[in-house]
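# Structure at a glance
Each chain, letter by letter, is given below.
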Amino acid sequence: MRKNIVFISVFIISSFIYSQNDLGYTKVDSLDVLLKTSQKLRTENNMYEALELAFKAVTYAQNLNHNHYLSHAYFAMGTIQYEIIDYENAKAHMLKALEYSEKTDSKKLLPYILQGLANIYYDDNGDYENALIYYKKGVELAKNKVHINNYQIPLNNLIWTYMDLGKFDEAAPYLKEADSIDKLIPDSIQLGRTSLYLMRARNYAHHGDIESAKENFEKTFKLLEEEEKYWLKGKSYFYQYRAEMYQDIKDYPNALKDLKELQKNERKVFENARVKDQEITKIRFKVDEYERELEAAQREKLLLLNIDKNNKVIIYISLICLLLLIGTVFFYYRGYQSKKKSSETLRLKNIELNKAKSAAEKLSKIKSQFISTISHELRTPLYGVIGISSLLLENNKGSKNDKELLSSLKFSADYLLNLVNKVLKISKIDSKKTELVQTPTSLLSLSKNILRSFEYQSKEKQNELLLEYNNNIPNLVHIDSLWVSEILINLIGNAIKFTEKGKIWLRVILKYIDTKKVRIQFEVEDTGIGIPEDQKEYIFEEFSQVGSVYDNKQGTGLGLSIVKNLLQRMDSKIHFESNKNIGSKFYFVLNLRICDQLNAVSGDANDSEITTSLGFKILIAEDNKINQLVTKNLLKSIGCSCCIAENGSEALQLLKEQPFDLVLMDINMPILDGLTATKKIREFDQSTPIIALTASELSEVEDECLDAGMNDLVNKPLNKVDLKEAILKNLKLNNHHIK
Ligand code: ADP
């Protein structure tokens, strides 16, 4: 049935004429050569080599991604595979050729592909239906072709297939067409004409026109004789169809004759086919082998490609990682560098800062030391001035004018002493020398005593002093009575200072209480001049004096600063409300622990005036002449006799020589200071009370004095009350009786 092999061979030869000129590629030159060589080899029956080149052409075209060449290369492959009866691959490749061909603008190859496909369907298990579809498409496309024989071949194949299917009526119009173009076909190409005559004969036989059929069979036979080597099978068809005709017209002898001829010819065809089949088998084997190798190579290539792809991915990932790593390292390095730099700068700054700090500390120490020394030094002469002026005033001897002058002198000295004491206090708070010492204290007694100490001043200014005390406040609370006194004294002092003919309240208000603690609010309110709005923010600054600017009030400008600092150290804060010409209210809150102790050191000192004459014999160890005079007079005023030693050594001597009830010992003295002298005295006399006289803060020297063997300390400048009290206290301890 493989009638078409010859047909295809004929038309393919001219199929590539146009291809090279259509494209300007240099690479395609080699593709053209490949395809042409493959075609040449195929016509020479070198199927294996032909297929090899066709494969190469496919690969090249694939690499170029060139649809035109892809369709040509697949067509070449399909054709060869069809010829070596590898229908499966032939069909697959021909369909591919069709696919790529449809993607190109040029449709020159399309009719041949359709023809090829139809042939494959026809020969592969006789799928005539599909074969007809492609033949018809092929005919339609080839209709207007310049090369008329390229139209004749698909037309013949279509007619032939219709006839094979017994569809003579459908074949009729195409047969007419084939007849009409036959005269246009040159005599050099007889193959198409041969098959046309045979089909005419078949058609006439089918329609019972035996004469015309016989005539065309004759014509066919003539041509077949000439074409035998090209179309051996043609003779078989000829004998087969004529025998069928004879059979139909019951001319059995002729039918038998033709069948015999058919048999003979078939033997030849078989022989030819056998030789060819052997060749084909050999080729198929080689081709299979080649295909396997190719497949393996392709798989390998794919694998390599995959590996390459994977490698590329790995390389990319590694590159990215490396870049990231370098970036990170760089980032950290920069970070490290800048950190190193900044830590170096920081270190240098630190050193500088430390230097500056120690310099500042040194300076501040020098400053406090200076203030402290100066203040102490100022207090000693002040002690003399105040003492002498007090004595002179008490003597009551001078004129009224002298007295006025004396009281001015005493006022100035008092003022100066107050200033010196406050400066000392500030410098102590600043240098954190003062420690908070909380002792069980009665707030009621403390408040009363403080108010009592202001009675004189407030009367002078015709002020009324009032205490408002909440009776639910526990008897004793833990408090630093000195600090609280200091605060209240400052506040009340100010209130009196800035109020005339008004009222001053000290309020102790219970804000909260439980079994262990109380919250107390202390308030000092006055009906004085008040603080102007624009000055309010400055009043807590050191040396700030609002009053002195607009009024002629006296003050150091340190009081409120002391209050603020002390409260800060006690975790509290000073608040105030003030209206000009209405009054001011200063207040603060303290959280205090309740004390369950029944007895405590209370703020109520025994301030009853001592008027009795004591009659003790006292030794004064003092090098300063004025102080000697002041102390001597003070002692005299309380009825005591005294002896004066110029220094510690003299005091030691005097004590060895005669008995004394008590010794008042200055600490700083030439030859032998008070502390050393005391130590020496204690070697032979442990009973005589020794009271230290000091211009320093008592807390500063207390330990030293007691360690040396002293019994008590009294601050300079001395006043009569304090001195008398100290003498009484120490002599009572030694079971002496007041005379
Ligand atoms: P000073 O020793 O001068 O009173 P303070 O620090 O105690 O210094 O007070 C600073 C300023 O605050 C005072 O000079 C005064 O102008 C103002 N001030 C303080 N308390 C009162 C008050 N109760 N009434 C009016 N002004 C006051």
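Here the structure is a predicted model, which is why all the values come from computation and not from measurement.

## Structural notes on the sheet that holds strand β12 (residues 712–715)
- Taken in spatial order, the five strands of this open sheet run β9-β8-β10-β11-β12, and their pairing is parallel. Looking along the sheet, the strands with just one partner apiece sit at the ends: β9 (641–645) and β12. On average, each strand axis in the sheet is inclined to that of its neighbour by 25°, with strand direction left out of account.
- Pairing of strand β10 (residues 662–666) with strand β11 (residues 690–694), which is carried by four bridges, proceeds in the parallel orientation.

## Describing the confidence of the model for the protein
- On average, the protein scores 81 in pLDDT, and the residues at 70 or more come to 88%.
- Per-element averaging of pLDDT across the protein places helix α1 (residues 4–12) at the bottom with 40 and strand β5 (residues 517–526) at the top with 96.
- Below pLDDT 50 for its whole length, residues 598–612 participates in 24 contacts with residues either more than four positions away or in separate chains.
- Confidence over residues 733–739 falls short of pLDDT 50; this stretch has 10 contacts with residues more than four positions distant or in other chains.

## Digging into helix α7 (residues 110–123)
- Taking 1.5 Å per residue, 14 residues should reach 20 Å; α7 reaches 20 Å between its end C-alpha atoms and fits that length.
- Of all 14 residues that make up α7, 14 are buried, and the element is covered over most of its length.

## Quick notes on the packing of α7 against helix α8 (residues 128–142)
- As a packed pair, α7 and α8 sit with axes 8 Å apart at the nearest point and diverge in direction by 160°. Between α7 and α8, the interaxial angle falls into the category roughly antiparallel. Handedness of the α7/α8 crossing: left-handed. Here α7 contributes Leu110, Pro111, Leu114, Gln115, Leu117, Ala118, Asn119, Tyr121 and Tyr122 to the contact with α8, which in turn contributes Tyr128, Asn130, Ala131, Tyr134, Tyr135, Lys137, Gly138, Leu141 and Ala142.
- Of the residues assigned to the contact of α7 with α8, the class counts are 13 nonpolar, four polar and one charged.

## Some thoughts on the pairing of strand β4 (residues 503–513)
- The sheet contact formed by strand β2 (residues 464–469) and β4 spans six bridges and is parallel. Residue pairing in the sheet places Tyr469 in a bridge with Val508 of β4.
- Two strands pair when backbone bridges link them, and β4 and β5 are joined in this way by nine bridges, in the antiparallel orientation. Looking at the pairing, Leu510 lines up with Ile520 of β5.
- Taking the residues between adjacent antiparallel strands as the criterion, β4 and β5 are bridged by three residues.

What counts and how
In this convention, every chain numbers its residues from 1, walking through the sequence in written order. Local features in this predicted model are restricted to residues whose pLDDT is 70 or higher, and side-chain atom pairs enter the listing and the counts only when it is 80 or higher, whereas totals over whole chains, interfaces and linings include all residues. Side-chain calculation: all heavy atoms of the structure are included, whereas hydrogens and water are not. One bridge is not enough; two strands pair if DSSP finds at least two bridges between them. Working definition: helices are DSSP H or I runs of at least four residues, strands are E runs of at least two. Numbering for both runs from the N terminus. To get an axis, a line is fitted to the C-alpha atoms, and for a helix only the part in contact is used. The angle between two axes follows their N-to-C directions and goes from 0 to 180 degrees. Scored from 0 to 100, pLDDT reflects the predictor's confidence in each residue. Note on contacts: a residue pair is in contact if any heavy atoms of the two residues lie within 4.5 Å. Given the number of residues in a helix, its expected span is that number minus one, multiplied by 1.5 Å. Burial status follows relative accessibility: with a 1.4 Å probe on protein chains alone, a residue under 20% of its type maximum counts as buried, one over 50% as exposed, and anything between as partly exposed. Each angle gets one of four labels, with under 35 degrees taken as roughly parallel, over 145 as roughly antiparallel, 65 to 115 as roughly perpendicular, and the rest as oblique. Two helices crossing with the near one rotated counterclockwise from the far one by less than a right angle form a left-handed crossing, whereas a clockwise rotation gives a right-handed crossing. Note that Gly is not counted as nonpolar here; it falls among the polar residues with everything else outside the nonpolar set of Ala, Val, Leu, Ile, Met, Phe, Trp, Tyr, Cys and Pro and the charged set of Asp, Glu, Lys and Arg.

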